[in-house]
Amino acid sequence: MSSPGAVEWKRACRCDNGVVMPVDSPGWTSRLLDSYPPLGKLPRSLLEQVQQHGLFVHKHAGDIMFEPADFSTRYPFILRGIARVMKAGRSAPDTLLYRLPVGEHCLLSASGLMAHWKFGARVIAEQETEAVLIPAALFRELVRQSPEFAHSVYVGIARRLENVMDLVEQATYFRLDQRLATMILASGGPVSKSHQEMADDLGVSRENVSRALSDLRGRGWVRLGRRRIDVLDPEALRSFIDRA
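For clarity, every value in this text was computed on a predicted model and none was experimentally measured.

(A) Representation of the sheet that holds strand E3 (residues 64-66) in the model. Spatial ordering of the open sheet is given by E3-E7-E5-E6, a layout of four strands whose pairing is antiparallel. The sheet terminates laterally at E3 and strand E6 (95-101), the two strands that pair on one side only. Neighbouring strand axes in the sheet, compared pairwise and without regard to direction, differ in orientation by 30° on average. Inspection of the sheet shows E3 paired to strand E7 (residues 121-125) by two bridges, in the antiparallel sense. For Ile64, the partnering residue across the bridge sits in E7 and is Ile124. Contacting E3, strand E5 (82-87), E6 and E7, helix H4 (residues 107-115) crosses the sheet at an angle of about 95° to E6. Against the sheet, helix H8 (residues 195-202) makes contact with E5 and E6, and its axis sits at roughly 100° relative to E6, the strand it touches most.

(B) Summary view of unusual backbone geometry. The phi angle at His116 is positive, at roughly 55°, despite the residue not being glycine. Counting through the fold element by element, His116 comes out in the loop between H4 and E7. Despite not being glycine, Arg227 has its phi angle at roughly 55°, a positive value. Structurally, Arg227 can be placed in the loop between strand E9 (222-225) and strand E10 (228-231). Judged by relative accessible area, which is 43%, Arg227 ranks as partly exposed.

(C) Representation of the side chain of Asp70. Of note, Asp70 is situated in the loop between E3 and strand E4 (74-80). By relative accessible area, which is 13% here, Asp70 ends up buried. A distance of 2.7 Å separates a polar atom in the side chain of Asp70 from the backbone nitrogen of Glu67.

Calculation notes
Residue numbers run consecutively from 1 along every chain, following the written order of its sequence. Where local features are concerned, this predicted model is filtered to residues with pLDDT of at least 70; where side-chain atom pairs are given and counted, the filter is 80 or more; whole-chain, interface and lining totals use all residues. Hydrogens are left out, water is left out, and the side-chain values use all remaining heavy atoms of the structure. The pairing criterion for strands is at least two bridges between them, as found by DSSP. Helix and strand definitions follow DSSP, with helices as H or I runs of at least four residues and strands as E runs of at least two, each counted in order from the N terminus. Fitted lines through C-alpha atoms give the axes, limited to the stretch in contact for helices. The angle between two N-to-C directions lies from 0 to 180 degrees. Throughout, a residue-residue contact means that at least one pair of heavy atoms, one from each residue, lies within 4.5 Å. Exposure categories follow from relative accessible area, calculated using a 1.4 Å probe and restricted to protein chains: below 20% of the type maximum is buried, above 50% is exposed, and the middle band is partly exposed. As used in this structure description, the phrase polar contact means that two N or O atoms lie within 3.5 Å; if the pair is within protein, one of them must be able to donate a hydrogen and the other to accept it, and residues adjacent in sequence are counted only when both atoms belong to side chains.

Interpretation in functional terms is not warranted from these geometric data alone.
Below, the structure written as structure tokens:
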């Protein structure tokens, strides 16, 4: 039988939008272990706690998965889809910090739970997304008792910090048109995004993105279509990005 604390935890999670159910639903355990192999090395008693207290969550594209307060109360394991971790803007649009795909650890969730800290950020499902959520105390217990799991979390934090450092560097030293050029080249092919989606990723207005893209098109470096950007002169874009 679940403890009173577990009952309150599950009741709180049911307040979210999307479908939430206990993780003893058919097939969840194998999916979780396949996506996060270090969990397979947990002591049996800890894995049983994950089964008892975890919740399976199904979100649709655009649904909010985490609000700022949630970073100090729960931890997500993504089993399907991709979530966007956004810096919550006050007077400006939310800014994309990083994407969270299947099998990867969330920098803000992990550090927030270990430090008992609430971040000014939110997590939004970019597409149909499924996850298992566990309460904060259980996450900290997994880190304490399982060296393999703890190592995977620390490596995930380090990788995400490197991504955020790159983001800070771009925002500090590059103009919007250079940041757009970087995003376009990093895609490795045609970019299949709307101007609004690109604006959301960069934390700027759609009008500014459209204006910058029109300038890149006018230089003959890209071709713009409906939800599609083709690179016509990658060398020119690289040189443009490298300019002081």
